[in-house]
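Architecture and fold: a report
Residues per chain, in single letters:
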Amino acid sequence: MTIQTYWQLDVAEDATRSEPGARQSGLFRDVRTPALSRYDYYAQVAQAAAQTAFDGLFLPHRQQSDDSAIVAAAIAREVPRLTLIPEFPASAGSAVYAAKQAVSFQRQTHERLGWAIASPADDAARARDGDHVPEEQLYARTEEFLAVARGVHAERPFDFAGAHFEVQGGGFQAPLNRVAFPKVFLQGESEEALSLSARAADVHLFAASADLRGLIETLDTLAVRAGRSVEFGVIQPVLARDQPEDARRDAERAGLPDTAIVGSYAEVAERLADLAALGLRHFVLAAPSSLEEAYRIGQHVLPASAR
């Protein structure tokens with residue numbers, strides 16, 4: 001099976017970069033126009049990923065930053081090849097309207113959209129978003145959200161009555177029903193998260209962990225019991241340099257987590273190949289200074305990983 005690699009475009013990373021208000025300097029005259037904005041930076045990262053053979057971009061949901069789905073739509077025309085996977089919570093609103101937005105995006109981009117449903121936030125964060133669904137019902141709501149969104153896309157009339165969503169006589173007419181529904185990416189390592197993915201995910205993204213083999217085996221067993229097949233992926237922090245000592249020095253400065261893969265280009269490529277041998281087929285690679293690191297990983301690590 002083909003490996004798919006995605007660069008993480010974190011809308012919260014280096015938050016002031018390319019913001020007009022952060023351009024003041026006494027050392028030089030800034031000739032950039034006020035129209036040049038944060039979204040131009042997002043486009044630069046996307047172009048870096050496209051130019052260095054990544055298959056797509058993964059845009060994590062950040063509560064206090066730009067909306068990932070809006071960013072994905074804004075850069076879709078800048079990168080005509082990449083798959084775009086914005087992450088958003090199931091509390092985002094109507095599952096029917098989310099499905100309509102998805103198929104509209106698919107029509108615009110020749111079916112390059114993926115859906116990443118964010119793992120449930122803590123009580124305080126959800127309250128700030130006006131989300132007061134009890135914690136014990138969060139996974140059930142996500143499952144209903146996906147069932148409704150897929151249902152109105154796949155059939156007409158569509159009826160659904162659940163604890164969180166209700167639809168009567170729904171469904172899309174042509175041309176909205178003539179595009180593929182986005183591939184659904186779910187996350188989490190808990191029993192509830194794995195069980196949900198077994199029933200509803202197309203791809204499950206694990207956090208970088210020492211126990212990936214065990215988690216993969218558990219989810220695979222659950223999916224088989226549910227009569228389904230789920231693909232596996234990982235969100236993996238990386239930092240690579242020509243020399244391993246340079247990589248370790250820069251990783252210490254950046255404060256990367258212990259689960260990060262750090263080393264020379266060849267070493268990082270070898271570690272990624274080891275993960276692929278576990279059955280992982282989707283790699284979301286992440287690093288601070290997203291623009292610069294996208295070029296480094298795309299130019300020097302991905303080609304070696306493909307050997």
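Note that the structure is a prediction, hence the values are computed from the model and not measured.

A few points about the side chain of Glu144
Here Glu144 lies in helix H5 (residues 138-154). Of the side chains with opposite charge, Arg141 comes closest to the buried, unpaired Glu144, at an N-O distance of 8.5 Å. Here the side chain of Glu144 touches His164 through a polar contact of 2.9 Å, landing on its backbone nitrogen. Discounting chain neighbours no more than four positions away, the residues touching Glu144 are Phe160, Gly162, Ala163, His164 and Phe165.

Observations regarding the nonpolar core
Formed by 78 residues in total, the largest nonpolar core has its most connected members in Trp7, Leu57, Trp115, Phe145, Phe206, Leu280 and Leu285. In terms of residue count, the dominant contributor to this core is helix H1 (residues 38-51) (7 residues). Sequence-distant contacts of Leu285, defined by excluding residues within four places in its chain, comprise Tyr6, Trp7, Gln8, Phe54, Gln236, Val238, Leu272, Ile297 and Leu302. Residues Ile85, Val203, Leu205 and Ile235 belong to the second largest nonpolar core, which totals 9 residues.

Looking at the pattern of salt bridges
A side chain with one charge can pair with a side chain of the opposite charge if their charged atoms come near. Applying the stated criterion across every chain yields a total of 12 salt bridges. A salt bridge links Arg199 to Glu143; the nearest nitrogen and oxygen atoms lie 2.9 Å apart. Placement of Arg199 in helix H6 (residues 191-200) and of Glu143 in helix H5 is noted, with a sequence separation of 56 residues between them. Classification of Arg199 as partly exposed rests on a relative accessible area of 41%. Between Asp250 and Arg253 there is a salt bridge, with its nearest N and O atoms 3.8 Å apart. Here Arg253 and Asp250 lie together in helix H8 (residues 244-254), a separation of 3 residues that amounts to about one turn. Asp250 sits in the buried class, given a relative accessible area of 15%. Residues participating in the shared-partner salt-bridge network are Arg241, Asp246, Arg249, Asp250, Arg253, Glu293 and Arg296.

Quick word on the layout of surface pockets
Of the pockets and cavities examined, the largest pocket occupies roughly 460 Å³. Together, 28 residues line the largest pocket, and His61, Ala118, Ser119, Pro120 and Ala121 are the ones closest to its centre. For the lining of the largest pocket, the secondary-structure elements that each account for two or more residues are helix H4 (123-128), H5 and strand S8 (203-207). Among the residues forming the lining of the largest pocket, the class breakdown is 13 nonpolar, 8 polar and 7 charged. For the second largest pocket, the calculated volume is near 400 Å³. Asp67, Ala69, Phe88, Ala98 and Gln101 are the residues nearest the centre of the second largest pocket, which is lined by 20 residues in total. For the lining of the second largest pocket, the elements supplying multiple residues, two or more each, are helix H2 (68-75), strand S3 (83-88) and helix H3 (95-109).

A few points about empty space enclosed by the protein
A full pass over the atoms with the stated rule returns 1 cavity of 30 Å³ or more. Its volume calculated, the largest cavity comes out at about 80 Å³. No other element matches H6, which puts 3 residues into the lining of the largest cavity. Taken together, the residues of the lining of the largest cavity break down into 7 nonpolar, 4 polar and no charged.

Digging into H2
What H2 keeps buried is the set Ser68, Val71, Ala72 and Ile75. End-on view of H2: buried residues confined to an arc of 100°, all on one side of the axis. At the N-terminal boundary of H2, the capping side chain belongs to Asp67, with an oxygen 3.1 Å from the backbone nitrogen of Ala69.

Thresholds applied
- Residues numbered from 1 in each chain as written.
- Predicted model: local features only at pLDDT ≥ 70, side-chain atom pairs only at ≥ 80, totals over all residues.
- Heavy atoms only, no water.
- Helix = DSSP H or I, 4+ residues; strand = E, 2+ residues; numbered from the N terminus.
- Buried < 20%, exposed > 50% of the residue type's maximum accessible area, 1.4 Å probe, protein only.
- Lys, Arg positive; Asp, Glu negative; His and termini not counted.
- Salt bridge = Lys/Arg side-chain N within 4 Å of Asp/Glu carboxyl O.
- Polar contact = N/O pair within 3.5 Å; in protein donor to acceptor, adjacent residues only side chain to side chain.
- Contact = heavy atoms within 4.5 Å.
- Core = buried A, V, L, I, M, F, W, Y, C linked by side-chain atoms within 4.5 Å.
- 1 Å grid on protein atoms, 1.4 Å probe; cavity = no way out; pocket = protein on both sides within 12 Å on 5 of 7 lines; lining within 4 Å.
- Points joined across faces, edges and corners; volume = space filled by probe spheres on them.
- Nonpolar A, V, L, I, M, F, W, Y, C, P; charged D, E, K, R; others polar.
- Arc of directions from axis to C-beta.

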